[in-house]
Structures are given as C-alpha cells and as structure tokens.
Amino acid sequence: MRIDIITVVPELLDSPLNESILKRAREKGLVEIVIHNLRDYTDDKRRTVDDYPFGGEAGMVMKIEPVYRCIEHLKSERHYDEIIFTSPDGIRYDQHEANRLSTLENIIILCGHYKGIDFRIREHLITREISIGDYVLTGGELAAAIITDSVVRLLPGAIGDEESALTDCFQDDLLAPPIYTRPADFNGWKVPEVLTSGNFAEIEKWQEEQSYERTRALRPDLLER
Ligand code: SAH
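Residues numbered from 1 in each chain as written. Predicted model: local features only at pLDDT ≥ 70, side-chain atom pairs only at ≥ 80, totals over all residues. Heavy atoms only, no water.

Pairing in this open sheet of three strands is mixed, and the strands run S3-S4-S7 from one edge to the other. Every interior strand has two partners, whereas the edge strands, strand S3 (50-51) and strand S7 (116-117), have only one. (Pairing = 2+ DSSP bridges. Helix = DSSP H or I, 4+ residues; strand = E, 2+ residues; numbered from the N terminus.)

Here's what the structure looks like:
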C-alpha cells in the first residue's frame, strides 16, 4: 500500500509515522508513506500557499493552485483509489472506514490548515472527506496521522500476532474484553480465575461474554448497528 500525505507542516508528521509499529511496517515494505510539502508546488518566491478569503472573513485559506499541482502530479504517476481531505464536516472516521481503507492500493490524504481550503478543491479533486471527531484541530496533520496509524496496523504482517488486530475493539462492533498479565495476584488484586484455568473453551466463552457485557454497558449504540 502507498499513502501520500500533502501538508504545509511536514514536521508535524515526523514522529507519529516513524516509530514503533509504523516504523517497522515501513521498513518491512508493507507500506510506503510519502510526505509532500505543499510549498514545493508553488512558483511563488515566498512559497506562499494561502491567501485572504473572498468575502472578507477572518483567517487564511489554502490556495487551489499548489494543491491542484501536487495532486495532478501524483495522479500522473499512479492511480489513486481515494483522495481524502481531512475535515471536521466529513464522515465520522471509524473502524469500518479504517478496514476499508486498508484494502486499497494507493491513497492521498490532503491536510487542511489555517481556516481551511478553497472549496473548489473539495468539489473537484477530493473523493472522500473524513472527520476524526466533532472538535476542531489547527490542521489536518494529526487527523492524517490517526488515519494512517489505524490503517497501517491492519496491513497483514504489521502486527506481530496476526490475530491481534481482529480481536481489537470495534472489529465486529464489539468492545474488547479486559486483558491481564503476570502476576496473577498483585497485593490481593486478582486476575479472573478462568484466565488462569488453562481451559481454552471456557476462556473464549468468558471473553465473548465480557465483550458483549462491556459493549452493552459502555457503547450500546454499537449493538444497534
Ligand atoms: N474552518 C474550518 C476548520 C479549519 S481547521 C471549519 O470550521 O470547519 C483547519 C484544518 O484542520 C481543516 O481544514 C482540516 O483539514 C483540519 N481539521 C480540523 N478539525 C478536524 C477534524 N475534526 N477532523 C479532521 N480534520 C480536521
């Protein structure tokens, strides 16, 4: 898989995409992540990528030309399955969307900044608009990092234990059961007995029950889907 991220602040994406599981996934060649500095796609001497909004509102707007150039340049090199814009008014990001994106070959993620981007970019170049929640960030970079992180960990081989991603929260619309490790008794705080019983059928049954119970208690909306 290849993920191209277009940004005016590439530095914001450095560490989230270069440590731990993402770092290893990139080293193993499971994913190629390429960061593009939007300022490299302007002829402007001062490398300006924003301008005042028509209508005289407060805040600066990302200009259409550099974004258009960058996206067209990428599209001339390969086919993109999805060209995503991170936006608070996009569809709400969830595990279903992460699963879907992880099956695609090439995607672009465009990060907004300042007041936002010229709306024509959204009308003519973008194929999907994604919000990571009902709050406003200073830029789309952290949203892009979240999308990338959640997608890359789903790629086969990214996580050591292949099954691990399948038993996470939200796969099957259920929350994950509680997990524990040694010691089985810490100052009297005990691990549920069934987990140390060695009876795998019982353990599986317990985990399933816990999943349903926790989902019913904490996120009943998931069960209604
Ligand atoms: N004026 C815009 C907010 C601009 S915030 C509005 O009211 O909708 C600047 C940029 O941060 C946005 O263009 C978007 O790319 C990103 N951003 C902010 N909040 C976000 C969210 N919840 N999800 C995804 N991207 C977000």
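Picking up where we left off.
So, about helix H5 (residues 141-152). Residues spaced three or four apart along an α-helix face the same direction, because each turn holds 3.6 residues. Under the 1.5 Å per step criterion, the end-to-end length of H5 is 16 Å for 12 residues, consistent within 8% with the ideal 16 Å. When you tally the buried positions in H5, you get nine out of 12 residues, the bulk of the element. (Expected span 1.5 Å × (residues − 1). Buried < 20%, exposed > 50% of the residue type's maximum accessible area, 1.4 Å probe, protein only.)

Moving on, we come to the site of the ligand. Residues in contact with the ligand amount to 20 residues; listed here are only the nearest, Thr-86, Gly-112, Lys-115, Gly-133 and Tyr-135. Thr-86 is positioned with one of its backbone polar atoms (N or O) 2.6 Å from an oxygen atom of the ligand. Coverage of the ligand by the protein chains reaches 83% of its 560 Å² of free accessible surface. Sorting the residues of the shell around the ligand by element identifies strand S5 (82-92) and strand S8 (128-131) as the ones contributing at least two each. Classifying every residue of the shell around the ligand by side-chain character gives nine nonpolar, 10 polar and one charged. (Near = heavy atom within 4 Å. Polar contact = N/O pair within 3.5 Å; in protein donor to acceptor, adjacent residues only side chain to side chain. Areas by Shrake-Rupley, 256 points an atom, 1.4 Å probe, with all protein chains shown as cover. Nonpolar A, V, L, I, M, F, W, Y, C, P; charged D, E, K, R; others polar.)

Nothing here speaks to function; it is all geometry.
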